[in-house]
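Breakdown of the fold
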Amino acid sequence: MVESQPKVFIPDSIQGFNYDVAGQIKLIWDVIKAPLIVPLLNAGVYICLAMALMLFMERVYMGIVIILVKLFWKKPEQRYKYEPLQDDVELGSTNFPVVLVQIPMFNEKEVYKVSIGAACGLSWPADRLVIQVLDDSTDPVIKQMVEMECQRWASKGINITYQIRENRTGYKAGALKEGLKRSYVKHCEYVAIFDADFRPEPDFLRRAIPFLVGNPDLALVQARWRFVNADECLLTRMQEMSLDYHFTVEQEVGSATHAFFGFNGTAGIWRIAAINEAGGWKDRTTVEDMDLAVRASLRGWKFLYLGDLQAKSELPSTLRAFRFQQHRWSCGPANLFRKMVMEIVRNKKVKFWKKVYVIYSFFFVRKIIAHMVTFFFYCLVIPLTILVPEVHVPIWGAVYIPSIITILNSVGTPRSIHLLFYWILFENVMSFASYQGNFHRSTRNKSGDAAKKATTVKAAPKKARSKFVERLNMLELGFAAFLFICGCYDYVHGKHNYFIYLFLQTITFSIVGFGYVGTIV
């Protein structure tokens, strides 16, 4: 007896494609496109257009305000009470407040001498200056080198202290917090913070401290960063363009309109009483500097940004260090916003319009929307609409708005105006890189920490790989392939000539994917 075989009923429309995989995929695509793909993509377009409009209006608002500030606002010396501190023969140095200088370090073999030397060279009475080198290095050789450098300056009469901890709890925030607990700090009124790669000019304190002395409601004086290695490679040049806008426009506008901006973590002077009142340093996010600034602002403290007060610094010149930095800067503010939004809303000491500025402008648009729309709209949604012609992106959203935003962003670095087009392509790639922290095991370390830690912690033996393979970034290469396919499809079937932009963006993703960006080590 022959056993009957079960019958499988396949619709006639599909039977013809049993041996045609491409045909089956096309059929499935046609079935789900109209009821599912088109509505979802339309929703994505509307959401991205709304975000692009918010970012556009924010840029226009800041552009108008910065013009008014430059033309009509009084200078900081006129807006605030300001009297330079002078040496007094009779009083000696007692009319100078005691200032603490903190220099947090982590395996800073290349720059520790320069940073310590710059701090020791500050023009301030020696008996009114206390310097702390907060060394969290894990390399014993580097720790010894840093300690010997501190001893060398101490032998010259500089009040410098070398501080270490048993562990790195809280990372930079933990080190700064631990430093403020020392008994000799209780005599200090202000604390200047400089990361290990920052070099303040000798008159830094004399130009900044008088603002804090004459204005008791002022908690922070922030200086601008001046990048000494901006011309080292194209990667550092692109970073300079982005950060110059941050200083020239964002911080200047926040300081002039609401006396608030995010502390940059270095090259700033805090009133220690304001730090204590705000609850001190906390390590609950990767942006401990911004966390402290927001908490201090909610208690009524004001901040001042001085654009003409500058501290020399260095930009990360390797792609790996830059990616860690970008992830910290993009994900940290979003996490902090989630933790503090209701505290800001319920706060009674801050005026309504300042709350609006902090929640909407400072956090939502600049720290969340700006990072999201750059990648999702211009590198994901627009290319997908090429494959789904039923979805339309208006030309004002695809071309006009991003062009105006780009022009407004370029005001910070006029000398790099000729690199503007490539900067757009580079920013799109880096906005993608900033979301890749989810693929890394740790994002808590600062920009260079993770790279340095890898050289100081013994890892399990790995099979040797060529430098070329180690440089490869497969996610960027995969995305370059996706954009190339969309560009080819648009060249053959499209009507909007997006393929020109897509091919250029493909090249930029490929350059980053193959690791030919920044200093190659």
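Figured I'd write up the structure that's included with this text.

Across a regular strand the side chains alternate sides, sitting on one face of the sheet and then on the other. Side-chain alternation along strand 7 (residues 268–271) places Gly268 and Trp270 on one buried face and Ile269 and Arg271 on a second face that is also buried. By the bridge criterion, four bridges tie strand 4 (residues 190–193) to strand 7 in an arrangement that is antiparallel. Paired with Ile193 across the two strands is Gly268, which belongs to strand 7.

Another aspect to go through is the packing of helix 10 (residues 288–298) against helix 12 (residues 352–387). Relative orientation of the contacting elements helix 10 and helix 12 amounts to 165°, with a least axis distance of 12 Å. Taken together, the axes of helix 10 and helix 12 are roughly antiparallel relative to one another. The handedness of the crossing between helix 10 and helix 12 comes out as left-handed. Packed against helix 10, whose contacting residues are Met290, Val294 and Ser297, the element helix 12 presents Lys354, Phe362, Phe363 and Lys367 at the interface. Grouping the amino acids of the contact of helix 10 with helix 12 by side-chain chemistry returns four nonpolar, one polar and two charged.

This part covers the side chain of Ser115. Mapped onto the elements, Ser115 comes out in helix 4 (residues 112–120). Judged by its relative accessible area of 2%, Ser115 is buried. Among the polar contacts listed, one links the side chain of Ser115 to the backbone oxygen of Tyr112, at a separation of 3.1 Å. A polar atom in the side chain of Ser115 sits 3.2 Å from the backbone oxygen of Ala196. Residue contacts for Ser115: discarding those within four places in its chain leaves Ile103, Met105, Ala196 and Phe198.

It is worth spelling out the pairing of strand 4 at this point. Across the two faces of strand 4 the burial is the same, with Tyr190 and Ala192 and Val191 and Ile193 all buried. Bridge count for strand 1 (residues 99–105) against strand 4 is four bridges, and the pairing is parallel. Within strand 4, the position partnered with Leu100 by the bridge is Val191.

Take the layout of surface pockets next. The volume enclosed by the second largest pocket comes to roughly 330 Å³. Taken together, 16 residues form the lining of the second largest pocket, with Lys70, Pro76, Glu252, Gly307 and Asp308 sitting closest to its centre. Looking at the lining of the second largest pocket, the elements with two or more residues in it are helix 2 (21–72), helix 3 (76–79), helix 8 (234–258) and strand 8 (302–313). For the lining of the second largest pocket, the residue count by class is six nonpolar, two polar and eight charged.

Let's shift gears to the pattern of salt bridges. Tallying each qualifying case throughout the model produces 18 salt bridges. Taking the shortest distance from any N to any O, the salt bridge between Glu252 and Lys70 comes out at 3.9 Å. Taken as a pair, Glu252 in helix 8 and Lys70 in helix 2 lie far apart in primary sequence, 182 residues in all. Arg199 is paired through a salt bridge with Glu314; the nearest N and O atoms lie 3.9 Å apart. Here Arg199 is found in strand 5 (residues 199–200), whereas its partner Glu314 is found in the loop between strand 8 and helix 11 (319–346), with 115 residues between them in sequence. The network of salt bridges with common partners includes Asp231, Arg237, Glu240 and Arg415.

Here we take up a nonpolar patch on the surface. Nonpolar side chains collect at one region of the surface, where Leu53, Met57, Phe352, Trp353, Val356, Tyr360, Ile395, Trp396, Val399 and Tyr400 lie side by side and expose about 1,000 Å² of accessible area between them. Secondary structure elements with two or more residues in the nonpolar patch: helix 2, helix 12 and helix 13 (395–409). Assessed through its relative accessible area of 30%, Val356 is described here as partly exposed.

Looking at where Thr385 falls in the secondary structure, it is placed in helix 12. What makes Thr385 buried here is its relative accessible area of 6%. Sequence-wise, Thr385 and Val45 are 340 residues apart; in three dimensions their C-alpha atoms are separated by 8.8 Å. Apart from residues lying up to four places away in sequence, Thr385 is in contact with Leu41, Val45, Val391 and Val393. A distance of 2.5 Å separates a polar atom in the side chain of Thr385 from the backbone oxygen of Ile382.

Once that is clear, we can look at helix 13. Compared with the 21 Å implied by 1.5 Å per residue over 15 residues, the 20 Å span of helix 13 between its first and last C-alpha is a close match. Within helix 13 the residues assigned to the buried category are Gly397, Ala398, Ile401, Pro402, Ile405, Thr406 and Asn409.

Another aspect to go through is the sheet that holds strand 8. In any sheet, the strands associate via hydrogen bonds between backbone groups, in a parallel or an antiparallel arrangement. Within the open sheet, the eight strands sit side by side as 3-2-1-4-7-6-8-5. Their pairing is mixed. At either margin of the open sheet sits one strand with a lone partner, and together these are strand 3 (160–164) and strand 5. Docked against the sheet, helix 6 (residues 171–180) engages strand 1, strand 2 (129–135) and strand 4, running at close to 145° with respect to strand 1.

The rules behind each value
Residues numbered from 1 in each chain as written. Predicted model: local features only at pLDDT ≥ 70, side-chain atom pairs only at ≥ 80, totals over all residues. Heavy atoms only, no water. Buried < 20%, exposed > 50% of the residue type's maximum accessible area, 1.4 Å probe, protein only. Helix = DSSP H or I, 4+ residues; strand = E, 2+ residues; numbered from the N terminus. Pairing = 2+ DSSP bridges. Axes fitted to C-alpha atoms, helices over the stretch in contact; angles between N-to-C directions. Parallel < 35°, antiparallel > 145°, perpendicular 65-115°, else oblique. Left-handed = near helix turned anticlockwise from the far one by under 90°. Contact = heavy atoms within 4.5 Å. Nonpolar A, V, L, I, M, F, W, Y, C, P; charged D, E, K, R; others polar. Polar contact = N/O pair within 3.5 Å; in protein donor to acceptor, adjacent residues only side chain to side chain. 1 Å grid on protein atoms, 1.4 Å probe; cavity = no way out; pocket = protein on both sides within 12 Å on 5 of 7 lines; lining within 4 Å. Points joined across faces, edges and corners; volume = space filled by probe spheres on them. Salt bridge = Lys/Arg side-chain N within 4 Å of Asp/Glu carboxyl O. Patch = residues over 30% accessible without salt bridge, like charges linked within 9 Å, V, L, I, M, F, W, Y side chains within 5 Å. Areas by Shrake-Rupley, 256 points an atom, 1.4 Å probe, with all protein chains shown as cover. Expected span 1.5 Å × (residues − 1).

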